[in-house]
Amino acid sequence: MAEQKIDLRNLKAGGFIKERGKDLFTVRLRVPGGRLSVDRLAKIAEVAQKYGKGYVHLSVRQSIELINVNFADFDAVVAELGEEQQKVASCGARVRVPTACGGCEYNPNGLVDTQKSALEVDDKLFGTATGHHKFKVCFAGCPFDCPKSATNDVGFQGAVWPRLEADACIGCGLCAKSCTEGALAMADGKPVFDAKKCIYCGDCIKVCPTSAWSAAKKGYTVRIGGKWGRRPLVGTLYATFVPEERAVDFIAAVLAWYQEKAEGAGRVRLGDIIIREGWQSLLDHLRRDFADFVVAETTAPQVIVNQIPLPGQA
Ligand code: SF4
Ligand code: SF4
Ligand code: SF4
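This is a predicted model, so every value here is computed, not measured. (Residues numbered from 1 in each chain as written. Chains lettered and ligands numbered in written order. Predicted model: local features only at pLDDT ≥ 70, side-chain atom pairs only at ≥ 80, totals over all residues. Heavy atoms only, no water.)

Caption draft 1: Representation of a nonpolar patch on the surface within the structure. Together, Ile-275, Val-303 and Val-305 make up a nonpolar patch on the protein surface, roughly 300 Å² of accessible area in all. Owing to a relative accessible area of 56%, Val-303 belongs among the exposed residues under this scheme. (Patch = residues over 30% accessible without salt bridge, like charges linked within 9 Å, V, L, I, M, F, W, Y side chains within 5 Å. Areas by Shrake-Rupley, 256 points an atom, 1.4 Å probe, with all protein chains shown as cover. Salt bridge = Lys/Arg side-chain N within 4 Å of Asp/Glu carboxyl O. Buried < 20%, exposed > 50% of the residue type's maximum accessible area, 1.4 Å probe, protein only.)

The structure is reproduced here in structure tokens:
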């Protein structure tokens, strides 16, 4: 009988990644925002026991990977995972599964609902072919930025703009003490706000005993053009206080620019296209639909030099 031919590129696009061993694959599962029910987790464990090596790998982007799955079992694996609505992720030149921290639901630092945003992006944009290279999105709930949003093609970071109701202030000074950025100082018994130093973390709002501080606006700070790998880039600031409900549209707008500008460039990430085309082009494009949120100017993605000099080289 003729041996069945495997199209490895198609399989990889579908989340099945060839391993070293003959006919063996890693199956990458779709876990947007890194959260899943324990029922689903139990099903994954059952499938890993039955078709894999008996353990799973947690990827750096919050996916669960089944190890050592024979390609002859793919249909059965997909069907059995489907009993708990668990889907297989995709790889290749597509919008990948978004990552996210826990966000505001239970995390005391969280300012926005990152999990909801991740689910919306997964629902509306996951798997969209970019035509060029992978496209990664990440949501951090606050400026601590545990998920390292700026290392993604589009990285979102929760932020809140504090507003003072001076009449409600009793002059306790707690807000100024809590502000690690030096954006608040007490003068004549009232806090004085320095917007240039504020990173929009909301600590002053949380600590104020009289609710004199409140949120004037809340949303996402957005950095664009980051990536990791052999030639890392750190994304730079393009927009502030983008409302949570507009995150999907914002990503779609960035994606449309990337798809157009990278035409014919081959396998090139967004950050490199920004460096080639200039940040102004992307900023102008985003200004059309997001004029209230884009910054006046930005910079190109920041290059992380990772070349290791040989001994004796300067
Ligand atoms: S980024 Fe903020 S909200 Fe998210 S896990 Fe870190 S501290 Fe918590
Ligand atoms: S924490 Fe509230 S009450 Fe205390 S100084 Fe700051 S604004 Fe005033
Ligand atoms: S939001 Fe954060 S950085 Fe800004 S003034 Fe309040 S505590 Fe300071």
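Caption draft 2: Layout of the pattern of salt bridges. By the definition in use, this model includes 14 salt bridges. Close ionic contact of Lys-43 with Glu-83 constitutes a salt bridge, the shortest N to O distance being 2.7 Å. Taken together, the residues Lys-43 in helix α2 (residues 38-51) and Glu-83 in the loop between α3 (74-82) and β5 (99-100) connect sequence positions 40 residues apart. The salt bridge partner of Arg-287 is Asp-284, with a shortest N-O separation of 3.1 Å. In this pair, Arg-287 and Asp-284 both sit in helix α9 (residues 279-290), three residues apart, roughly one turn of the helix. (Helix = DSSP H or I, 4+ residues; strand = E, 2+ residues; numbered from the N terminus.)

Caption draft 3: Inspection of the sheet that holds strand β10 (residues 213-224) at higher detail. With mixed pairing, the five strands of this open sheet are ordered in space as β5-β6-β7-β10-β12. The open sheet terminates on both sides in strands that have one partner only, identified here as β5 and β12 (236-242). Taken together, the four bridges between strand β6 (residues 137-140) and strand β7 (residues 154-164) define a ladder with parallel strand orientation. Directly across from Ala-140, in β7, lies its bridge partner Gln-157. Contacts from helix α4 (residues 114-125) reach β5, β6 and β10 within the one sheet, and its direction differs from that of β6 by about 165°. (Pairing = 2+ DSSP bridges. Contact = heavy atoms within 4.5 Å. Axes fitted to C-alpha atoms, helices over the stretch in contact; angles between N-to-C directions.)

Caption draft 4: Structural detail: the nonpolar core. In this structure, Phe-135, Phe-139, Phe-156, Ile-224 and Phe-250 are the most contacted members of the largest nonpolar core, which totals 38 residues. Those elements giving two or more residues to this core turn out to be α4, β6, β7, β10, β12, α7 (247-261), α8 (270-277) and α9. In terms of residue count, the dominant contributor to this core is α7 (nine residues). Beyond its immediate sequence surroundings of up to four residues, Phe-250 is in contact with Phe-156, Val-222, Ile-224, Ala-239, Val-242, Leu-286 and Phe-290. Core analysis: the next-biggest nonpolar cluster, separate from the first, contains 18 residues, Phe-25, Val-27, Val-47 and Val-88 among them. (Core = buried A, V, L, I, M, F, W, Y, C linked by side-chain atoms within 4.5 Å.)

Caption draft 5: Structural detail: the site of ligand 3. Residues in contact with ligand 3 amount to 13 residues; listed here are only the nearest, Cys-179, Cys-198, Cys-201, Gly-202 and Cys-204. Across the shell around ligand 3, the residue classes tally to 10 nonpolar, one polar and two charged. (Near = heavy atom within 4 Å. Nonpolar A, V, L, I, M, F, W, Y, C, P; charged D, E, K, R; others polar.)

Caption draft 6: Molecular detail of the side chain of Arg-30. With respect to the secondary-structure elements, Arg-30 resides in the loop between β2 (24-29) and α2. With a relative accessible area of 15%, Arg-30 lands in the buried category. Polar side-chain contacts of Arg-30 include one of 3.1 Å to the side chain of Asp-122. (Polar contact = N/O pair within 3.5 Å; in protein donor to acceptor, adjacent residues only side chain to side chain.)

Caption draft 7: Region of the structure containing the pairing of β2. With three bridges connecting them, strand β1 (residues 16-18) and β2 associate as antiparallel partners. In the sheet register, Lys-18 faces β2, and the bridge partner there is Phe-25. With antiparallel pairing between neighbouring strands as the criterion, β1 and β2 make up a hairpin whose turn holds five residues, including Asp-23 at a positive phi of roughly 65°. Strand direction decides the pairing type here: β2 and strand β4 (residues 64-70), joined by five bridges, are antiparallel. The partner of Val-27 across the bridge, within β4, is Leu-66.

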